[in-house]
Amino acid sequence: MAFLLDAPGDRVFLLGQIDAVKTQKKGPMRKTTKIKLNQLIGTGILTLATVVSSHAAEWKYAMGEGLEDPQGIYATAFKDFIEENSRHTIKIYPVGSLGEETDMMEQAQAGILQFLGQSTGYMGGTIPEMDLFTLPYVMPTDTAQLDYFFKNSKVVNELLPPIFREHGLELLSVFPEGEMAITTFEPFRSPEDLEGKKMRVMPGSPVLVETYKAFGASPVPMSWGDLIGALKTNMIDGQENPTVWIEAYGLDDLTNVLTYIGHGHFNASVSANKAFFDDLGRRDKRLIRLAAEHAHGVVLEEAQKLDAYGLGRIVRTNPDYQIVTLTEAERAPFKEAAETVQASFAEKSDTNKKLLEQMLADLEEAEANAE
Ligand code: 6CS
């Protein structure tokens, strides 16, 4: 049965017949996923009132990645959901179109942008508590546990939203993109091997600087826009990023070795400008939350495939490239060094301490419940 909903000035929906269509474009993952709104209605997530928006607006969404990267997949799914289920439209500004990530953060806080997709690694300078996600050897590398954590965690769902509001943002999602891999010119297997090596880290995060110091290296905070040039001119000796990104942007062609030391995951967040969000009506707020929930589900599934696909492509297209996974014994000194970084984060404020404790509890729950 289809219900006809016709509100003045609103789009007419035949509920039970609407499909929100999302298309992914990357390589072998290319496919079309139909998101049936009646499935959401069936689960009670969606009610008639939530689907309809009362006026049409164009909202701006900027992010630190391209359309085919994980943040782009999220943004596209978010946009499609909003556009299929309201009269609003979303214009997406991918990496490079509005300046560096720090510029985009300022634009989102000022309300020039309505939505911001940003790597958590860039956020520590603006929202110090976000460095939680950058702490070494805290997050698991198991993707099922990560998915469970990012959907159910008290840290993400309860503790961080009020902190974001203090910074003029409404938090919508935090999601993982892939395990951090370190690319270098020379192989390393211990902190001693990294001594004196200039390692590029994302700018703004005190934790990233402390981590690479603890690992024996000399960290060099640098924006994405400067990284390729710095590798080409040997200004730096290495950098870290998830495999999906390393392959997509050819960082394997610019270095000789990729090493997994199991120290962390690359994560991204999505938020809205708080004043914009607060001014919206109940229906639009609900629409945005549903779009975020939908996009989160899409990216959790796709990002893992993309990360594995990235590694497969490196192995196929760059056969001389060395791929190293450190053994547990080789990881031990890195893990030990990481403890000082975790302790220093917790000592910085009571909020940090509380967040880290809750994060560890959430991760324990994820380990017990993830399938
Ligand atoms: O290394 C960086 O700065 C970039 N890395 C990723 C995976 N996404 C965006 C970010 O700017």
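Reading guide: rules and limits
- Residues numbered from 1 in each chain as written.
- Predicted model: local features only at pLDDT ≥ 70, side-chain atom pairs only at ≥ 80, totals over all residues.
- Heavy atoms only, no water.
- Near = heavy atom within 4 Å.
- Polar contact = N/O pair within 3.5 Å; in protein donor to acceptor, adjacent residues only side chain to side chain.
- Areas by Shrake-Rupley, 256 points an atom, 1.4 Å probe, with all protein chains shown as cover.
- Nonpolar A, V, L, I, M, F, W, Y, C, P; charged D, E, K, R; others polar.
- Pairing = 2+ DSSP bridges.
- Helix = DSSP H or I, 4+ residues; strand = E, 2+ residues; numbered from the N terminus.
- Right-handed = clockwise from strand over helix to strand, strands pointing away.
- Salt bridge = Lys/Arg side-chain N within 4 Å of Asp/Glu carboxyl O.
- Buried < 20%, exposed > 50% of the residue type's maximum accessible area, 1.4 Å probe, protein only.
- pLDDT = per-residue confidence, 0-100.
- Contact = heavy atoms within 4.5 Å.
- Axes fitted to C-alpha atoms, helices over the stretch in contact; angles between N-to-C directions.
- Parallel < 35°, antiparallel > 145°, perpendicular 65-115°, else oblique.
- Left-handed = near helix turned anticlockwise from the far one by under 90°.
- 1 Å grid on protein atoms, 1.4 Å probe; cavity = no way out; pocket = protein on both sides within 12 Å on 5 of 7 lines; lining within 4 Å.
- Points joined across faces, edges and corners; volume = space filled by probe spheres on them.

Chemist: What should I look at first to understand the site of the ligand in this one?
Modeler: Surveying the vicinity of the ligand reveals 13 residues, the closest of which are Glu 65, Glu 101, Tyr 122, Arg 200 and Asn 241. Note that an oxygen atom of the ligand is positioned 2.8 Å from one of the side-chain N or O atoms of Tyr 122. One of the side-chain N or O atoms of Arg 200 is found 2.8 Å from an oxygen atom in the ligand. For the ligand, the accessible surface in isolation is 290 Å², of which the surrounding protein chains cover 100%. Looking at side-chain class alone, the shell around the ligand contains six nonpolar, three polar and four charged residues.

Chemist: Can you help me understand the pairing of strand S9 (residues 198-201) in this one?
Modeler: The two faces of a sheet get side chains in turn, since along a regular strand they alternate between them. Sheet topology places S9 next to strand S10 (residues 218-221); four bridges connect them, and they run parallel. Within the sheet, the bridge partner assigned to Val 201 lies in S10 and is Pro 221. Of the crossover connections in this fold, the one passing from S9 over helix H7 (residues 206-214) to the parallel S10 is right-handed. Here two bridges tie S9 to strand S11 (residues 238-242), and the two strands are oriented parallel to one another. The residue bridging Arg 200 from the neighbouring strand is Gln 239, located in S11.

Chemist: Would you mind showing me how to read the pattern of salt bridges here?
Modeler: Side-chain pairs of opposite charge can arise whenever the charged atoms involved come near each other. Inspection of the entire model under this criterion finds 13 salt bridges. The partner of Arg 165 in a salt bridge is Glu 170, with the nearest N and O atoms 2.9 Å apart. Glu 170 sits in the buried class, given a relative accessible area of 3%. For the salt bridge of Glu 186 with Lys 197, the shortest nitrogen-to-oxygen distance reads 3.3 Å. Remark: Lys 197 occurs in the loop between strand S8 (169-184) and S9 and Glu 186 occurs in the loop between S8 and S9; sequence separation between them is eleven residues.

Chemist: Mind showing me how you'd approach the side chain of Ser 173 here?
Modeler: Position of Ser 173 among the secondary structure elements: in strand S8. Within the structure, Ser 173 has its side chain in polar contact with the side chain of Tyr 74 (distance 2.8 Å).

Chemist: Sorry if this is basic, but what is going on with the confidence of the model for the chain here?
Modeler: Low-pLDDT stretches of the model should not have their predicted coordinates read in fine detail. On average, the chain scores 87 in pLDDT, and the residues at 70 or more come to 85%. Taken as a whole, residues 1-53 scores under 50 in pLDDT and shows 113 contacts with residues more than four places along the chain or in a different chain.

Chemist: Would you explain the pairing of strand S7 (residues 115-119) in this entry?
Modeler: Of all five residues making up S7, five are buried, and the element is well covered by its neighbours. In S7, alternate side chains face the same way, and those of Phe 115, Gly 117 and Ser 119 on one face and Leu 116 and Gln 118 on the other are all buried. Judged from the three bridges that link them, strand S5 (residues 58-63) and S7 form a sheet pairing that is parallel. Bridge pairing links Tyr 61 to Phe 115 in S7. Pairing between S7 and strand S13 (residues 265-273): five bridges, direction antiparallel. Note that in S13 the partner of Ser 119 across the bridge is Ala 268.

Chemist: Would you mind showing me how to read the packing of helix H6 (residues 154-166) against helix H13 (residues 350-369) here?
Modeler: The packing of two helices is summarised by the inter-axis angle and the distance between the axes. Look at H6 against H13: their axes get within 9 Å of each other, and the N-to-C directions meet at 160°. When the interaxial angle is binned, H6 and H13 end up roughly antiparallel. Read as a crossing pair, H6 and H13 show a hand that is left-handed. For the pair formed by H6 and H13, the contact residues are Lys 154, Val 155, Leu 159, Leu 160 and Ile 163 on the first element and Thr 351, Lys 354, Leu 355, Gln 358, Met 359 and Asp 362 on the second.

Chemist: Quick question: what am I supposed to make of the layout of surface pockets here?
Modeler: Using a probe with the size of a water molecule, rolled over the atoms, empty space left in the structure can be pinpointed. Volume-wise, the largest pocket comes out at about 310 Å³. Looking at the largest pocket, it is lined by 16 residues, and the ones nearest its centre are Asn 157, Leu 172, Ser 173, Glu 293 and His 296. Of all elements in the fold, only helix H5 (143-152), H6, S8 and helix H11 (282-317) reach the threshold of two or more residues within the lining of the largest pocket. Residues belonging to the lining of the largest pocket are distributed by class as follows: seven nonpolar, four polar and five charged. Computed from the structure, the second largest pocket encloses a volume of approximately 230 Å³. Lining the second largest pocket are 18 residues, and of these Thr 143, Gly 178, Glu 179, His 265 and Asp 307 sit closest to its centre.

Chemist: Could you clarify how one ought to interpret the environment of Leu 159 in this entry?
Modeler: Locating Leu 159 in the fold gives a position in helix H6. A C-alpha to C-alpha distance of 9.1 Å links Leu 159 and Lys 354, two positions 195 residues apart in sequence. For Leu 159, the residues in contact, after removing those within four places along its chain, are Lys 154, Lys 354, Leu 355 and Gln 358.

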